[in-house]
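Fold and geometry: a report
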Amino acid sequence: MFPSIPSPWRGSVLLALLASVAGAPRFVWQDTPATPVSPLPIGINLRPITPFDSSLVFADAMKMASEWSFEVGGRQRPTVRQHGLNGKPTPVQEVVPLDANGWPRVSGDRAVSCQFFVGMRGRFPAGEYVVTWKGKGTLEFRGGVGIVSQAPNRLVVEVDGVNGGQPGLELSNMDPADPIRDIRVWLPGHEDSCHSFHPLFLERLRPFSVLRFYPWMKVYSTSGRWSERSTLFSARQGSGEGVAAEFMVELCNELTSDPWFCMPHLADDDYVRRFALLVRDSLRHDARVYVEFSNETWNTDYAAGKWAREQSQLRGIPAMKIVAERAAQVFDIWHEVFGSQKNRIVRVAGVQLHNPGIANVLCRALDGKFDAMALGTYFGARADRDDVGTDSTAQELMAAARANLVDAVLPRTADHRALADTLGSELGRHIALLTYEGGQSIVARSPGGGLGVQATLDCQVLPEMFTAYRDLIEGVTQAGVELFVAYDFTGPRGSADTFSVLEYIDEPIANAPKYRALIQGWESRGQ
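Residues numbered from 1 in each chain as written. Predicted model: local features only at pLDDT ≥ 70, side-chain atom pairs only at ≥ 80, totals over all residues. Heavy atoms only, no water.

On to the overall build of the protein. A tally of helices and strands in the protein yields twelve helices and 18 strands. Looking at the protein alone, contacts between residues at least 24 apart form 77% of all its contacts between residues at least 6 apart. Summing over all exposed atoms, the protein offers an accessible surface of approximately 21,300 Å²; the carbon and sulfur share of this is 50%. (Helix = DSSP H or I, 4+ residues; strand = E, 2+ residues; numbered from the N terminus. Contact = heavy atoms within 4.5 Å. Areas by Shrake-Rupley, 256 points an atom, 1.4 Å probe, with all protein chains shown as cover.)

Structure representation (structure tokens):
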């Protein structure tokens, strides 16, 4: 089912990396494979759609807009960044009434507004934006430098990306019987495009063979009810229900990539079954489908981990057995739906790198109903573990992170490979070892204590970061990993988040060492 890793490659990585850290030549291979092998398949996690999105996902900017809010005193409330992965509620404010697809339903003289490309001055496309809509009322485009043309339910606005202020829309004087709806804000040159996605987004994603949709699916905030999910007709794709499953499938079909879906812990059987049916009937038939139950169910900082702990306390059963029970039910539904094609499904058990005991309990409780274990292979620097602090330089942080890769990440990965082999022997079949996330974790505001913000940001563009990522990829390959999925694709960086491999979608690749390291050997994939 998965590409195998030649055994002569295993075992030499620690010596090679230790030589690198000590300043000797970076790799001194102890053995050479008898025949060339393809590079390790690489996947990527996609960040949630937000009004701060620097991925430029859709050709229609409306899909990336902020929530609707009421105008107050003729002014629009500023859009506040929401991190959202933990399922935290939006701050309490007056809620704009919406229809089933998320379009405002207001009457009288009240006005509502939304924003897009927030905080991205100079980083979003310039040119003629074409706005179309249905219904009656007044629509005003904000952030333009001039109106090119105007006709009923159609507006063409010139935007230069720098001047004109924050882009967004204001709706007012809406006819209650025929309100404004079905708004499209086409980016320059894309009104007649047959593609949902921006071409640069597709181009930069093309090297990745697997797309993990955990962040897009908003697994911690979604209702898990099919009737409430986002659809192709939803006003926005950044709500608490996440991105429509149809868009995920369309993206994978476009890129010939395999999807990795994370079924929300609150999803009922109907949601799981309908999701699987949609994928079966619309995804290309040669695609493999990775299915995981939620994300990091062992991590009680997140909603799924809290749920597992609460259920454990309520029922008097270990949390991982609670997780295994529901995961097995979810996997059974996917197998039932795919029927004779069920060999396309890869049932993934997400485990914790630094605690093999979690993998042992979870996988044994699954009683054979899994095909792969997946790890989060992060290397980083921590003030409570390493000789670093707020005054450390970027080079010092990198040195500590690379030592962590050698001393902890790769040995723990090898431990899980050994466990997977043991479980595979017991089951009489191969159990794959994957990563669900991976990469650097050099963050100023970390649980391990504070680091200097600027130094952590400087680390992201050091030449040594390219080398560290290649060492990570080559190291986990030799430890027996069969698919490396990195975290994450594109987004701004700050004191609490340095994970993106591209800070913005049109970042010069020469300035993006993490991205270059990931796509090495896969630059021409899908072309």
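After that view of the structure, there is still more to cover.
Time to look at the packing of aromatic side chains. Going through the model one piece at a time under the given rule, you end up with 28 aromatic pairs. On the numbers, 6.1 Å between centres and 50 degrees between planes, the contact of Phe-275 with Trp-334 is tilted. Residue Phe-275 is found in helix α5 (residues 269-282), and its partner Trp-334 is found in helix α7 (residues 319-338); the two are separated by 59 residues along the sequence. Judged by its relative accessible area of 0%, Trp-334 is buried. Directly above the aromatic system of Phe-70 lies the positively charged group of Arg-110, at a separation of 3.7 Å from the ring centroid. Stacked on the ring of Trp-226, the Lys or Arg Arg-229 has its end atom at 4.1 Å from the ring centre. (Phe/Tyr/Trp six-rings, centres within 6.5 Å; stacked < 30°, edge-to-face > 60°. Buried < 20%, exposed > 50% of the residue type's maximum accessible area, 1.4 Å probe, protein only. Lys NZ or Arg CZ within 6 Å of the ring centre and 35° of its normal.)

In this structure, Ser-500 sits in the loop between β18 (483-486) and α12 (513-519). Its relative accessible area of 0% is what places Ser-500 among the buried residues. If we skip the residues at most four places from it in the chain, Ser-500 touches Arg-47, Asp-488, Phe-489, Thr-490, Gly-491, Arg-493 and Lys-514.

Cis geometry marks the peptide bond from Tyr-487 to Asp-488; its omega dihedral reads -10 degrees. Among the structural elements, Asp-488 can be located in the loop between β18 and α12. In the Ramachandran plot, Lys-218 falls in the positive-phi region, its phi being about 50 degrees despite a non-glycine side chain. By secondary structure assignment, the location of Lys-218 is in the loop between α3 (214-217) and α4 (245-255).

In this section: the pairing of strand β13 (residues 345-350). β13 sits mainly inside the fold: six of its six residues count as buried. Here β13 shows two buried faces, one formed by Ile-345, Arg-347 and Ala-349 and the other by Val-346, Val-348 and Gly-350. Where β13 meets strand β14 (residues 372-380), three bridges bridge the pair, whose relative direction is parallel. Bridged to Ala-349 within β14 is Met-373. (Pairing = 2+ DSSP bridges.)

Those residues of helix α8 (residues 356-365) that sit buried are Ile-358, Ala-359, Leu-362 and Cys-363. In a view along the axis of α8, the buried residues occupy a sector of 110 degrees, so they form one face of it. On its buried side, α8 packs onto α7, β13, β14 and α9 (394-427). Of the residues flanking the end of α8, it is Asp-367, one or two places downstream, whose phi is positive at about 55 degrees. (Arc of directions from axis to C-beta.)

Ordered by their spatial adjacency, four strands build an open sheet running β6-β7-β4-β9, and the pairing between neighbours is antiparallel. Strand pairing shows two members of the sheet lacking a second neighbour, β6 (146-151) and β9 (181-186), which therefore form its edges. The sheet shows a mean angle of 15 degrees between the axes of neighbouring strands, taken without regard to direction. (Axes fitted to C-alpha atoms, helices over the stretch in contact; angles between N-to-C directions.)

Counting across every chain of the model gives 34 salt bridges. In this structure, Arg-402 engages Asp-471 in a salt bridge whose closest nitrogen and oxygen atoms are separated by 2.5 Å. Here Arg-402 is found in helix α9, whereas its partner Asp-471 is found in helix α11 (residues 463-479), with 69 residues between them in sequence. Residue Arg-402 is classed as buried on the basis of its relative accessible area, which comes to 13%. One continuous salt-bridge network, built from bridges that share partners, spans Arg-47, Asp-488 and Asp-497. (Salt bridge = Lys/Arg side-chain N within 4 Å of Asp/Glu carboxyl O.)

Along the chain, Arg-470 turns up in helix α11. For Arg-470, a relative accessible area of 9% puts it in the buried group. Looking at Arg-470, its side chain comes within polar contact range of the main-chain oxygen of Ala-517, at 2.7 Å. (Polar contact = N/O pair within 3.5 Å; in protein donor to acceptor, adjacent residues only side chain to side chain.)

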